[in-house]
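Fold and contact review
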Amino acid sequence: MEQTFEWSEPGRESLNLKLTIEDGKIINVAMQSKGCMDFLLLCQKMKAKLTGPVIDLLPPSGTDHGSVIWRELIARIQGQWKVPVEHEELCHCRKISTQKVDRAIVFGAHTVDEIRKRTSANTGCGTCKPDVESMINNRLKIK
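Residues numbered from 1 in each chain as written. Predicted model: local features only at pLDDT ≥ 70, side-chain atom pairs only at ≥ 80, totals over all residues. Heavy atoms only, no water.

Quick look at the sheet that holds strand β3 (residues 25–34) now. Here four strands make up an open sheet; going across it, the order is β1-β2-β3-β4 and the pairing antiparallel. Only two strands of the sheet have a single neighbouring strand rather than two, namely β1 (2–8) and β4 (52–53). When β1 meets strand β2 (residues 14–22), the two strands line up antiparallel, connected through seven bridges. When the sheet's bridge partners are listed, F5 is paired in β2 with L17. Against the sheet, helix α2 (residues 65–77) makes contact with β1, β2 and β3, and its axis sits at roughly 155° relative to β1, the strand it touches most. (Pairing = 2+ DSSP bridges. Helix = DSSP H or I, 4+ residues; strand = E, 2+ residues; numbered from the N terminus. Contact = heavy atoms within 4.5 Å. Axes fitted to C-alpha atoms, helices over the stretch in contact; angles between N-to-C directions.)

Quick look at the structure:
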């Protein structure tokens, strides 16, 4: 069965994976990627690892944006991806979307203070701080 997995940030990195999976094993991979050189090199490296049992796939361990993106993709391929915050608006005081905070984390904002600086989320009442922390922890956890 062919499955497609996509990740994209307009004007930055994008990745389109088409995997043929039979009996829990990857038997064919087609990939298109765009982005910075580090991301493209990681994509080449990861493509070579997309073989055999899906459950045995190992994500990269770094905290750079490419590794964070690939950890999500591997978890999605394995059916294990879970978002810690499901509501669309994360910070109600500043009207900041969950997606904006998530993308800031992917691209290097790895502390609550960095999220505040890049997005202005969590600069009002502070009730979204637990969600911001949860999102950071979810994105940076390394298997």
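This part is about helix α4 (residues 112–119). Among the residues of α4, those classed as buried are V112, I115 and T119. Projection of α4 onto a plane perpendicular to its axis shows the buried side chains occupying an angular sector of 55°, all on one side. Tucked inside the fold, the buried residues of α4 contact β6 (96–97), α3 (98–106) and α5 (129–140). Downstream of α4 by one or two residues, S120 has phi in the positive range, about 70°. (Buried < 20%, exposed > 50% of the residue type's maximum accessible area, 1.4 Å probe, protein only. Arc of directions from axis to C-beta.)

Glancing now at the pairing of β2. Turn length for the β1-β2 hairpin, with the two strands adjacent in sequence and antiparallel, is five residues, and the turn residue G11 shows positive phi of about 80°. Bridge count for β2 against β3 is nine bridges, and the pairing is antiparallel. Paired with S14 across the bridge in β3 is K34. The antiparallel pairing of β2 with β3 creates a hairpin that spans two residues between the two strands, and D23 there sits at a positive phi of about 50°.

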